[in-house]
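So the chains spell out like this:
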Amino acid sequence: MLYFLSTLSVYSTEFHVSPNGSSNGNGSVTYSWDLKTALNQPSSVKPGDTIWLHSGIYTGYFTSYLVGSTNNPIIVRQYPKE
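Trainee: What is the right way to read the overall build of the chain from this model?
Mentor: Tallying secondary structure elements over the chain gives one helix and three strands in all. The order of helices and strands in the chain, counted from the N terminus, is β-α-β-β. Looking at the 82 residues of the chain, the share that counts as buried comes to 28%. Counting only contacts in the chain whose residues sit at least 6 apart along the sequence, the fraction spanning at least 24 positions is 58%. Summed over all atoms, the accessible surface of the chain reaches about 6,300 Å², with 53% contributed by carbon and sulfur.

Trainee: I tried to follow the packing of aromatic side chains on my own but got confused; where do I start?
Mentor: Each aromatic ring pair is described using two quantities: the centre-to-centre distance and the angle formed by the ring planes. Under the criterion given, the structure shown has two aromatic pairs. Judged by centre distance (5.0 Å) and plane angle (20 degrees), the ring pair of Phe 15 and Trp 33 falls under stacked. Highlighted residues: Phe 15 in strand β1 (residues 14-17) and Trp 33 in the loop between β1 and α1 (35-39), separated in sequence by 18 residues. A relative accessible area of 3% means that Trp 33 is categorised as buried. On the basis of an interplanar angle of 85 degrees and a centroid distance of 5.6 Å, the ring pair of Trp 52 and Tyr 79 is categorised as edge-to-face. Here Trp 52 is found in strand β2 (residues 50-53), whereas its partner Tyr 79 is found in the segment after β3 (75-78), with 27 residues between them in sequence. You can call Trp 52 buried: its relative accessible area is 12%.

Trainee: Please explain the side chain of Thr 37 as it appears in this structure.
Mentor: Looking at the secondary structure, you find Thr 37 in helix α1. Engagement of the side chain of Thr 37 in a polar contact is seen with the side chain of Asp 34, the distance being 2.5 Å. Among all residues touching Thr 37, those that are not within four sequence positions of it are Ser 23 and Pro 42.

The rules behind these values
- Residues numbered from 1 in each chain as written.
- Predicted model: local features only at pLDDT ≥ 70, side-chain atom pairs only at ≥ 80, totals over all residues.
- Heavy atoms only, no water.
- Helix = DSSP H or I, 4+ residues; strand = E, 2+ residues; numbered from the N terminus.
- Buried < 20%, exposed > 50% of the residue type's maximum accessible area, 1.4 Å probe, protein only.
- Contact = heavy atoms within 4.5 Å.
- Areas by Shrake-Rupley, 256 points an atom, 1.4 Å probe, with all protein chains shown as cover.
- Phe/Tyr/Trp six-rings, centres within 6.5 Å; stacked < 30°, edge-to-face > 60°.
- Polar contact = N/O pair within 3.5 Å; in protein donor to acceptor, adjacent residues only side chain to side chain.

Here's what the structure looks like:
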C-alpha cells in the first residue's frame, strides 16, 4: 500500500494603518499606510491577509477596493486594545 501525505501551507501577512500613515509606507508598524492606500489594496496585500487599524481619527471619504476570496477574505479590524 502506498500513502501520500499532502500539506497545504497558507501564509498570511499583517499590515498596519494609522492616521499619520503614508502612501509611501510599507504597511509595517513603523512605516504604516494611510487608510486610503490600504483600502486600494497595494500589491503586497493578498487574500487571507489582515489590515490592522490603529487608534486615531481618520478624516475623509473612503472606498474599499479590497478583494479577497470566499475562503480567504482580507480582514480589516481594530488593532487590539486600541
